[in-house]
Amino acid sequence: MVKLNVNPTRMELTRLKKQLTTASRGHKLLKDKQDELMRRFILLVKKNNIMRAEVEDELQQAMKNFSIADALLNDKYIEELLAVPKERVSLDVIEKDVMSVKVPIMNFQHESELSDGPLEYGFLNSNDDLDQSIQKFTEVLPKLLELTEIEKTCQLMAKEIEKTRRRVNALEYMTIPQLEETIYFIKMKLEENERAEVTRMIKVKNMGTT
């Protein structure tokens, strides 16, 4: 490790000691932050995997019903059935601070409970498979939105973890060792100067007594 290019003075030694204390404290805080981010990230990833499996399963079931309906109904009829949904759906996205990470909070709003009233469409020329497909797609929508929120949060937290890890490593393997080595060098240099000064004074005293 290359030491800092500084003058070996007591004033510089005091300054570097304070800088080392600050760097060590910052390293501990960043390490604690990294550990807590990792803990929350792992919990979110586990939740994400469970929810993703559920959503994919429900979407596959909905698509299965839709495929059957598509095979039995004319494409033109299906387009007409789904052309003008009556349910109004809106999405508000706000930010929440999680350990200096701005994560999205997605609020899904609709005029009626999705489970009670799915996105409405005309029932003329419809069939049971299409009705079930629409119902399943509607019911999975809130879960899909929550899954999107979780996955985006995981991405943002992963970036913050990597950024924090780089800062921790920079302090641990470069800044702190460099400060420690420089402080050691200055101490050795000051002690060497003190010994040289003592030797000089002894020589001067001896010269005065001869």
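Given the structure is predicted, the values throughout are model-derived calculations rather than measurements.

Student: I tried to follow the overall build of the protein on my own but got confused; where do I start?
Tutor: Looking only at helices and strands, the protein features three helices and two strands. Starting at the N terminus and ending at the C terminus, the protein contains elements arranged as α-α-β-β-α. Counting the 210 residues in the protein, one finds 26% classified as buried. For the protein, the share of sequence-separated contacts (at least 6 apart) that also reach a separation of at least 24 residues comes to 77%. Total accessible area on the protein stands at roughly 14300 Å², and carbon and sulfur atoms take up 56% of it.

Student: Would you take a moment to explain the environment of L91 for this structure?
Tutor: By the secondary structure assignment, L91 is in strand β1 (residues 89–98). If sequence neighbours within four positions are ignored, L91 has contacts with M106, N107, F108 and L145.

Student: Is there a simple way to explain the side chain of N65 in this structure?
Tutor: Topologically, N65 is positioned in helix α1 (residues 10–72). Those residues within four positions of N65 in sequence are excluded, and the remaining contacts are D129, Q132, S133 and K136.

Student: Quick question: what am I supposed to make of unusual backbone geometry here?
Tutor: Negative phi is the rule for most residues except glycine; trans is the rule for most peptide bonds. Its identity is not glycine, yet M99 carries a phi of approximately 55°, on the positive side. On the secondary structure map, M99 appears in the loop between β1 and β2 (101–110). Even without being glycine, S100 reaches a positive phi, approximately 75°.

Student: I'm lost on the environment of L156 in this one. Help?
Tutor: Mapped onto the elements of the fold, L156 is located in helix α3 (residues 128–209). L156 gets classed as partly exposed once you look at its relative accessible area, which sits at 22%. Along the primary structure L156 and K102 are separated by 54 residues, whereas in three dimensions their C-alpha atoms are 7.7 Å apart.

Student: Sorry if this is basic, but what is going on with the pattern of salt bridges here?
Tutor: Two side chains of opposite charge can pair, provided their charged atoms sit close to one another. Counted by the stated rule, this structure contains 16 salt bridges. Salt-bridge contacts for D35 lead to K31; the nearest nitrogen and oxygen are separated by 3.3 Å. Residue D35 and its partner K31 are both found in helix α1; the two are separated by four residues, about one turn of the helix. When its relative accessible area of 40% is taken as the criterion, D35 is described as partly exposed. When the shortest N-O distance is used, the salt bridge between K143 and E58 registers 2.7 Å. Of this pair, K143 sits in helix α3 while E58 is found in helix α1, placing the two residues 85 residues apart along the sequence. Here E58 falls in the partly exposed class, since its relative accessible area comes to 22%.

What counts, and where the lines are drawn
Residues numbered from 1 in each chain as written. Predicted model: local features only at pLDDT ≥ 70, side-chain atom pairs only at ≥ 80, totals over all residues. Heavy atoms only, no water. Helix = DSSP H or I, 4+ residues; strand = E, 2+ residues; numbered from the N terminus. Buried < 20%, exposed > 50% of the residue type's maximum accessible area, 1.4 Å probe, protein only. Contact = heavy atoms within 4.5 Å. Areas by Shrake-Rupley, 256 points an atom, 1.4 Å probe, with all protein chains shown as cover. Salt bridge = Lys/Arg side-chain N within 4 Å of Asp/Glu carboxyl O.

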